[in-house]
Protein chains: 2
Amino acid sequence: MSKSPKIAIILSGNGVYDGAEIHESTMTMLAVDKQGGEYELFAPDIEQHHVINHLTGEETDEKRNVLVEAARIARGKIKPLSDLDVADFDAVIFPGGFGVAKNLSDFAFKGADCSVLPDVENTIKKAVSSGKPVGALCISPAVVAKVLEGVKVTIGQDQETADAIKNMGGNHVNTSHGEVTVDEKFKVATTPCYMLDATISDIANGAENVTKAVFGMIN
Amino acid sequence: MSKSPKIAIILSGNGVYDGAEIHESTMTMLAVDKQGGEYELFAPDIEQHHVINHLTGEETDEKRNVLVEAARIARGKIKPLSDLDVADFDAVIFPGGFGVAKNLSDFAFKGADCSVLPDVENTIKKAVSSGKPVGALCISPAVVAKVLEGVKVTIGQDQETADAIKNMGGNHVNTSHGEVTVDEKFKVATTPCYMLDATISDIANGAENVTKAVFGMIN
């Protein structure tokens, strides 16, 4: 492992119902920093699938951009995902949130038949082909399973999502709060976070544990 | 101290430049949960002063509501600040972000001559009059100083803000990362967080330390 691992963290907006889950994103940044790593943030420069009023749960008629909204979590320090060169990093981590299933892919609408944003697919494939670990929290492991046929992941215990992962050729392992599933062949580490009914401390633990597993697989 | 302290956390939007600072808000929730407390989130149901594109730093022509945006940090579990009855809680904590100085008050524009949202002023005064501690992170101590004449607070080391606090009748103490200033008479605990050039681990430490000080002053 290099002295100070460089981690690319990929965000999908800002807010659980239409973007990146805020606690998972923040806790991933904290986990990388606490464990001696450095991170840079990336998000696709595309329009959000839609905008959800997080107070009412209802769709609004607004338009928002994934990169611009993710910049709120990033305090402005974020780059378009198209600028990410995996060669510059030691690992890639995907926090969760519906943005992963609505903006980075259409898994929320098409399940196992989903398609994945080309920049996301290429990022995952390039990491794997260059022996760099990929971490994924919450619903993100489903997108990783779509890209990497046969990968072993966890999204917790949700049967419908687990079935979709199996239908995409993946292996799903049931887990509980803070637990991490590691696929050593693909170097993929996953943890359920808010795919379970979790507290914010559970999210901190999950982010810490998956980051530790990712760091442990860096050459 | 009651067995599981109940803390009201007051948010001012969602995003450092026009709302609540996301890391400070998240880390405050984590600190309360980790230290055995319970929290409920509140935000005023008002229009944001303005909307800043966090990628470019420029003002946009959008309109957003403070409560609706704060609901993104809260995953939907948040109430209007007008519903907060301080009697139901053991303490109140204000994370920072420009939203505190733009939405909860107009400190960002008027400095020492600012006015504070009545619901915010009443919340602080009611906490103090009923002997309940108030915690404040980042720029929030300036608003507390406007409401509580003579209070001792810290916002770190920014001279202009420290001078404004003195002009409002407050006492300012210079501090560094993670340090907490306690006014024992008013039961006010404050910490600088992103008023300094801080890492996300510094924010976690600051939130943890100020929450510990708040918990220590609960009867």
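Note that the structure is a prediction, hence the values are computed from the model and not measured. (Residues numbered from 1 in each chain as written. Chains lettered and ligands numbered in written order. Predicted model: local features only at pLDDT ≥ 70, side-chain atom pairs only at ≥ 80, totals over all residues. Heavy atoms only, no water.)

A. Examining the sheet that holds strand β2 (residues 38–43) of chain A more closely. All names here are of chain A. Strand order across the open sheet formed by 7 strands is β3-β2-β1-β4-β5-β9-β8, with mixed pairing between neighbours. Strands with a single pairing partner mark the edges of an open sheet, and in this sheet they are β3 (79–80) and β8 (181–183). Where strand β4 (residues 91–94) lies against strand β5 (residues 134–137), 3 bridges are found, and the strand directions are parallel. Paired with V92 across the strands is V134, a residue of β5. Docked against the sheet, helix α1 (residues 22–34) engages β1 (6–10), β2, β4 and β5, running at close to 155° with respect to β2. (Pairing = 2+ DSSP bridges. Helix = DSSP H or I, 4+ residues; strand = E, 2+ residues; numbered from the N terminus. Contact = heavy atoms within 4.5 Å. Axes fitted to C-alpha atoms, helices over the stretch in contact; angles between N-to-C directions.)

B. Molecular detail of the confidence of the model for chain A. Per-residue confidence for chain A averages 97 on the pLDDT scale, and 99% of its residues sit at or above 70. The ipTM for the predicted assembly is 0.98, set against a pTM of 0.98. (pLDDT = per-residue confidence, 0-100.)

C. Molecular detail of the environment of H172(B). Residue and element names in this part refer to chain B. Here H172 shows up in strand β7 (residues 171–174). Sequence-wise, H172 and G156 are 16 residues apart; in three dimensions their C-alpha atoms are separated by 8.8 Å. Non-local contacts of H172, meaning those with residues more than four positions away in its chain, are made with V153, T154, I155, G156, A162, I165 and K166. Among the polar contacts listed, one links the side chain of H172 to the backbone nitrogen of I155, at a separation of 2.9 Å. (Polar contact = N/O pair within 3.5 Å; in protein donor to acceptor, adjacent residues only side chain to side chain.)

D. The relation of the copies chain A and chain B, seen in detail. When chain A is fitted onto chain B, the two copies agree to an RMSD of 0.0 Å after a turn of 180° and an axial shift of 0.0 Å. Expressed as an axis order, the relation between the two copies is that of a two-fold axis. Of all interface residues in chain A, 100% are interface residues in chain B too; the two copies therefore contact each other through one and the same surface. (Least-squares fit on C-alpha atoms with pLDDT ≥ 70 in both.)

E. Geometry of the packing of α1(A) against helix α8 (residues 200–216) of chain A. Residue and element names in this part refer to chain A. In contact at an axis separation of 8 Å, α1 and α8 are set at 45° when each is read in the N-to-C sense. Relative to α8, the element α1 is oriented oblique. As for the relative orientation of α1 and α8, their crossing is right-handed in sense. Facing α1, whose interface residues are H23, E24, M27, T28, A31, V32 and K34, α8 presents I200, I203, A204, A207, E208, T211 and F215. (Parallel < 35°, antiparallel > 145°, perpendicular 65-115°, else oblique. Left-handed = near helix turned anticlockwise from the far one by under 90°.)

F. Examining unusual backbone geometry more closely. Residue and element names in this part refer to chain B. The phi torsion at C138 lies on the positive side, around 65°, for a residue other than glycine. Structurally, C138 is set in the loop between β5 (134–137) and α6 (140–147). Positive phi, normally seen in glycine, also occurs at K187, with a value near 60°. Looking at the element boundaries, K187 is found in the loop between β8 (181–183) and β9 (188–191).

G. Highlighting the pattern of salt bridges. With the rule as written, the count across this model stands at 24 salt bridges over all chains. E208(A) is the salt-bridge partner of K34(A), the closest N and O atoms lying 3.3 Å from each other. You can see K34(A) sitting in helix α1 and its partner E208(A) sitting in helix α8, a full 174 residues away along the chain. The exposure class of K34(A) is partly exposed, given its relative accessible area of 46%. The class for E208(A) is partly exposed, based on a relative accessible area of 30%. Linked by salt bridges that have partners in common, D18(A), E62(A), R64(A), E69(B) and R72(B) make up one network. (Salt bridge = Lys/Arg side-chain N within 4 Å of Asp/Glu carboxyl O. Buried < 20%, exposed > 50% of the residue type's maximum accessible area, 1.4 Å probe, protein only.)

H. Spatial organisation of the packing of aromatic side chains. Residue and element names in this part refer to chain B. Tallied over the entire structure, the rule returns 4 aromatic pairs over all chains. Judged by centre distance (6.5 Å) and plane angle (35°), the ring pair of Y17 and F98 falls under tilted. One end of the pair, Y17, is in the loop between β1 (6–10) and α1 (22–34); the other, F98, is in helix α3 (residues 98–102), and 81 residues separate them in sequence. Take Y17: its relative accessible area is 30%, and that puts it in the partly exposed class. Relative accessible area serves as the criterion here: at 40%, F98 is assigned to the partly exposed category. (Phe/Tyr/Trp six-rings, centres within 6.5 Å; stacked < 30°, edge-to-face > 60°.)

I. Geometry of the pairing of β7(B). Residues and elements named next belong to chain B. The sheet contact formed by strand β6 (residues 152–156) and β7 spans 3 bridges and is parallel. In the sheet register, K152 faces β7, and the bridge partner there is N171. Running through helix α7 (residues 159–167), the crossover from β6 to the neighbouring parallel element β7 is right-handed. (Right-handed = clockwise from strand over helix to strand, strands pointing away.)

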